[in-house]
Amino acid sequence: MALFSLTEAELRTRTSLKWQVFDPDVLPLWVAEMDLHQHPAVVDAVTDAMRTGDTGYPWGTRYAEAYADMAEARWGWRPAPEQVRRSGDVMNAILALLVGNTAEGDHIVINPPVYPPFWQVIEGYRRHITQVPLTASGRLDLAALEAAFTGPDAPAAYLLCSPHNPNGTVHTADELAAVGRLCAEHGVLLVVDEIHAVLVDPGTTFTPVLTVPEAQHAVVAFSAGKGWNLAAFKAGLFIRGTQARAAFDNLPPLANQSTSQMGTIAHTAALRHAQGWVDEVMVEVAANKRLLGELLADRLPGVSWTPAPGTYLAWLDCSALGLDSPRNHFLTRARVALNDGTDFGADYGQFVRMNLATAPAIITETVERMAASL
Ligand SMILES: Cc1ncc(COP(=O)(O)O)c(C=O)c1O
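Computed from a predicted structure; not experimentally measured.

**Quick word on the packing of aromatic side chains**
In step 1: Tallied over the full model, the rule gives twelve aromatic pairs.
In step 2: Ring centres of Y67 and W77 lie 6.4 Å apart, and the angle between their planes is 85°; on these two criteria the pair is classed as edge-to-face. With Y67 in helix α4 (residues 62–75) and W77 in the loop between α4 and β2 (84–87), this residue pair connects regions lying ten residues apart in the sequence. With respect to burial, Y67 and W77 carry one shared label: buried.

Now the structure itself:
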């Protein structure tokens, strides 16, 4: 049975963000939650902990070891124990890294269009954003990065999303090596969000930044929260390069304190027992990407989309439709909730982000409604 086979009626009983925010006649293909059941091993691990009252504070390195075993099996690379620490979740790890390693007023580089909390974690904590947008083909702009690093507002840090949310770009080893070299040369702390690491289409190579020799000054924020749909269970990891000890030393007090025991248990079970499952998820997501491509060509030719192998998200360019706000149009006229491109950068109001981690029937209905609304 397909993993993405839950019906709309079943999904509407959920109490989490995705299915609650909008009216019951709206199909929600927005926030990055997946519409599937949990892996039985995760259910068992959490249930056992509840049954036995194993609900205290987390202790030990089980999550870190499960990550290291996965990294070795999946990517042929294993961080040493001192390179991994636990975090509350990915955004709190990034916050702790930036607060501990940069000063108020410092500049931090991001690549719009990019995940909205990247803007908030910088501006909300009195740092300045330096924007280095992705190129027109959705890739890192290495020349523009170098210009930003050497410009008048030389940044203290660069916050990279890998794979990239929202457009799904998977950075190559060469690109990451070039980024690593630039950061080392200009003394820029490289912070890499790898929460989508395992979410790549079958046959696609994901390169963990810490497998790149030139990027050993980097620090990674990782969590099983996205790959295994465990946002309900807060936990995550900091993983540092061999030459990034200072970035760990500078972490503020309590940076490791907020990991939850249940999160650690759930994430560890996922990493230990559900590796094949996440690969199966991506087989279905890849099929959903093909389905979306066909539906757009057939029903919505005015929407242009360059499929990319990372994430279960589709970044759709609606410029040709001539709408004021595509997101608002589709919400009010099609009763379909997508993410507004402006949340990923002010210049992206003609884009919407669609979440493809759902049943094919829901994707088909969504595109039908969008087409009918025009
Ligand atoms: C790039 C990226 N980073 C971080 C997060 C959130 O992670 P966490 O809940 O662990 O803070 C998300 C969630 O969608 C994401 O897409």
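**Considering the side chain of K226**
In step 1: Tracing the backbone through its elements, the reader meets K226 in the loop between β7 (219–222) and β8 (236–240).
In step 2: Buried charge K226 goes without a salt bridge, the closest partner of opposite sign being E33 at 7.7 Å.

**What to know about empty space enclosed by the protein**
In step 1: Enumeration according to the criterion identifies one cavity of 30 Å³ or more in this entry.
In step 2: Of the pockets and cavities examined, the largest cavity occupies roughly 30 Å³.
In step 3: In terms of lining residues, the largest cavity is bounded by G180, C183, A184, L190, E214, A215, H217 and A218.
In step 4: When residues of the lining of the largest cavity are assigned to their parent elements, the largest contribution, three residues, is made by helix α8 (residues 173–186).
In step 5: Class assignment of the residues belonging to the lining of the largest cavity gives a composition of five nonpolar, two polar and one charged.

What counts and how
Residues numbered from 1 in each chain as written. Predicted model: local features only at pLDDT ≥ 70, side-chain atom pairs only at ≥ 80, totals over all residues. Heavy atoms only, no water. Phe/Tyr/Trp six-rings, centres within 6.5 Å; stacked < 30°, edge-to-face > 60°. Helix = DSSP H or I, 4+ residues; strand = E, 2+ residues; numbered from the N terminus. Buried < 20%, exposed > 50% of the residue type's maximum accessible area, 1.4 Å probe, protein only. Lys, Arg positive; Asp, Glu negative; His and termini not counted. Salt bridge = Lys/Arg side-chain N within 4 Å of Asp/Glu carboxyl O. 1 Å grid on protein atoms, 1.4 Å probe; cavity = no way out; pocket = protein on both sides within 12 Å on 5 of 7 lines; lining within 4 Å. Points joined across faces, edges and corners; volume = space filled by probe spheres on them. Nonpolar A, V, L, I, M, F, W, Y, C, P; charged D, E, K, R; others polar.

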